[in-house]
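# Secondary and tertiary structure notes
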Amino acid sequence: MMKQNSLLLIFLFAASLLQAQAAKDEKEITELLNRQTRSWNRGNLDEFMSCYWHSDSLVFVSKTGISYGYHNALDNYKKDYSDGTKMGKLFFEILQVKRLSPVYYWIVGKWFLKRTIGNLGGHYTLLFKKIRGRWMIIADHSS
């Protein structure tokens, strides 16, 4: 009986640690998305892209197709949103945060651009991976 109680306590302690880490990870990811919004709304696309994986393997899916690589994604943003009028003000609504593993999170949400030249909006799916202790977007599907 003593051994079973000890195992139960160890299990409960481990589950508590995992739950605390998941809550911390979700908070970090939410803060990254909030920082992205602030960067966009200041017109700073380089800072907006700082939570994307700086790799040729970054995947970005949009209505125009699939592109690969951090620099391609940044160049596309700079081409499509070349000034404050085109950028407008960004708003995110997170619909779902799902922990896939200790190093992967899947986020689903809505995005909205309030602009004087016409508003835009849609949905997004982001795949985050913890790389060298930092959460990074490794795949983005925005439509």
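Looking only at helices and strands, the protein has 4 helices and 6 strands in total. The helix and strand sequence of the protein, counted from the amino end, reads α-α-β-β-α-α-β-β-β-β. Going through the 143 residues of the protein one by one, you find that 32% of them count as buried. Within the protein, contacts between residues at least 6 apart in sequence are counted, and of these 50% link residues at least 24 apart. With an accessible surface of roughly 9,000 Å², the protein has 58% of that area assigned to carbon and sulfur atoms.

What follows deals with the packing of aromatic side chains. Given two aromatic rings, one states the distance between the centres and the angle between the planes to describe the pair. Under the criterion given, the structure shown has 10 aromatic pairs. Ring centres 5.1 Å apart and planes at 70° place the aromatic pair Trp-40 and Phe-48 in the edge-to-face group. Cluster of aromatic residues (ring-pair linked, three or more members): Trp-40, Phe-48, Tyr-52, Phe-60, Tyr-77 and Tyr-81.

Turning our attention to the pairing of strand β4 (residues 104-114). When a strand is regular, its side chains alternate between the sheet's two faces. Of the pairings in the sheet, the one linking strand β3 (residues 89-101) to β4 comprises 11 bridges and is antiparallel in character. Note that in β4 the partner of Gln-96 across the bridge is Val-108. Between β3 and β4, which follow one another and run antiparallel, lie 2 residues. Strand direction decides the pairing type here: β4 and strand β5 (residues 120-131), joined by 10 bridges, are antiparallel. The residue bridging Phe-112 from the neighbouring strand is Gly-121, located in β5. Between β4 and β5, which follow one another and run antiparallel, lie 5 residues, and Gly-118 among them has a positive phi close to 120°.

What follows deals with unusual backbone geometry. A positive phi angle, close to 50°, is found at Arg-132, a residue other than glycine. Inspection of the secondary structure assignment puts Arg-132 in the loop between β5 and β6 (134-142). Judged by relative accessible area, which is 81%, Arg-132 ranks as exposed.

What counts as what
- The written sequence of each chain sets the order in which its residues are numbered from 1.
- Totals for whole chains, interfaces and linings use every residue, but because this is a predicted model, local features are given only for residues with pLDDT of at least 70 and side-chain atom pairs only at 80 or more, for both listing and counting.
- With hydrogens and water stripped out, all remaining heavy atoms of the structure feed into the side-chain values.
- Runs of H or I in DSSP of at least four residues are treated as helices and runs of E of at least two as strands, each being numbered from the N terminus.
- When a residue's accessible area, from a 1.4 Å probe over protein chains only, is under 20% of the maximum for its type it is buried; when over 50% it is exposed; and in between it is partly exposed.
- Two residues qualify as a contact provided that any one of their heavy atoms is within 4.5 Å of a heavy atom in the partner residue.
- Each accessible area is a Shrake-Rupley estimate made with a 1.4 Å probe; only the visible protein chains count as cover when residues are assessed.
- Aromatic pairs are defined between Phe, Tyr and Trp rings, using the six-membered ring for Trp, whenever the two ring centres lie within 6.5 Å; interplanar angles under 30 degrees are classed as stacked, those over 60 as edge-to-face, and all others as tilted.
- Paired strands, in this sense, are two strands between which DSSP finds at least two bridges.

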